Amino acid sequence: MKESVLKIKSYSFSIRIVRLSQYLIKQKKEFLLSKQVLKSGTAIGALVREAEFGQSKADFVSKLSIALKEANETSYWLSLLKDTDYISNDEFLSLNCDCEELIKILVASIKTAKSKSI
């Protein structure tokens, strides 16, 4: 069975976020924002995985909705990291582009799930 685009992209994004957190801690000696972006950025993929085995359509939609909130929070932390000079504008644009793509996919997935009957 083919893996969903959302599952693949959210996992790849999680890897990028883990590496960002490692960079912030080791190179920039930043210990607070790095934990925040790590928590919200990796939660997206974890919630997508949880949604896969949702107990109901409502549970599935709920998990994806929480993933959407986490993606939005991650975008906030990325903006803050850029605006406080912890990451460059290029790093921000690359990461935030992936984050915004996840947001769009999540919104579409939620809308589709809500419109389908069981």
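Along each chain, numbering runs from 1 in the same order as the chain's sequence is written. This being a predicted model, a pLDDT of at least 70 is required before a residue's local features are given, and a value of 80 or more before pairs of side-chain atoms are given or counted; all residues contribute to the totals for chains, interfaces and linings. As a rule here, side-chain values come from all non-hydrogen atoms in the structure, and water together with hydrogens is ignored.

(A) Spatial organisation of helix H4 (residues 89-115). With 27 residues, H4 should reach 39 Å at 1.5 Å per residue; the first-to-last C-alpha distance of 38 Å fits that figure. Burial classes: relative accessible area under 20% of the type maximum marks a residue as buried, over 50% as exposed, and values in between as partly exposed (1.4 Å probe, protein chains only). Counting from the N terminus, the helices are DSSP H or I runs at least four residues long and the strands are E runs at least two residues long. Those residues of H4 not exposed but buried are Phe92, Leu95, Asn96, Cys99, Leu102, Ile103, Ile105, Leu106, Ile110 and Ala113. Multiplying 1.5 Å by the residue count of a helix minus one yields the expected span of that helix.

(B) Inspection of the environment of Thr84 at higher detail. Along the chain, Thr84 falls in the loop between helix H3 (57-83) and H4. You can call Thr84 partly exposed: its relative accessible area is 37%. Thr84 sits 40 residues away from Ile44 along the chain, and the two C-alpha atoms are 24 Å apart. Here a polar contact is taken to be a pair of N or O atoms separated by no more than 3.5 Å, where protein atoms must pair a possible hydrogen donor with a possible acceptor and residues adjacent in sequence count only if both atoms sit in side chains. At 2.7 Å, the side chain of Thr84 forms a polar contact with the backbone oxygen of Leu80. Within polar-contact distance, the side chain of Thr84 engages the backbone oxygen of Leu81 at 3.4 Å.

(C) Seen up close, the pattern of salt bridges. When a carboxyl oxygen of Asp or Glu lies within 4 Å of a side-chain nitrogen of Lys or Arg, that pair is called a salt bridge. In this structure the tally under the stated criterion is 7 salt bridges. Linking Lys9 and Glu101 is a salt bridge whose minimum nitrogen-to-oxygen distance equals 3.2 Å. Note that Lys9 is positioned in helix H1 (residues 5-26) and Glu101 in helix H4, a separation of 92 residues in sequence. Two residues, Asp59 and Lys63, come together in a salt bridge whose shortest N-O distance is 3.5 Å.

(D) Broad picture of the nonpolar core. If you look at the biggest cluster of nonpolar residues, it comprises 29 residues, and the most contacted ones within it are Phe13, Leu20, Leu78 and Leu106. Looking at this core, the elements with two or more residues in it are H1, helix H2 (33-52), H3 and H4. Sort the elements by how many residues they give to this core and H4 lands first, with 9 residues. Setting aside chain neighbours within four positions, we find Leu20 in contact with Val37, Leu78, Leu81, Ile87 and Leu95. The nonpolar core is taken to be a set of buried Ala, Val, Leu, Ile, Met, Phe, Trp, Tyr and Cys residues, with the residues joined through side-chain atoms within 4.5 Å. By definition, residues are in contact when any of their heavy atoms lie within 4.5 Å.

(E) Examining the state of the cysteines more closely. We call a pair of cysteine sulfur atoms a disulfide when they lie within 2.5 Å. For the structure shown, the criterion picks out 0 disulfides. Cys97 carries a free sulfur, and the closest cysteine sulfur to it, the one in Cys99, is 10 Å from it.

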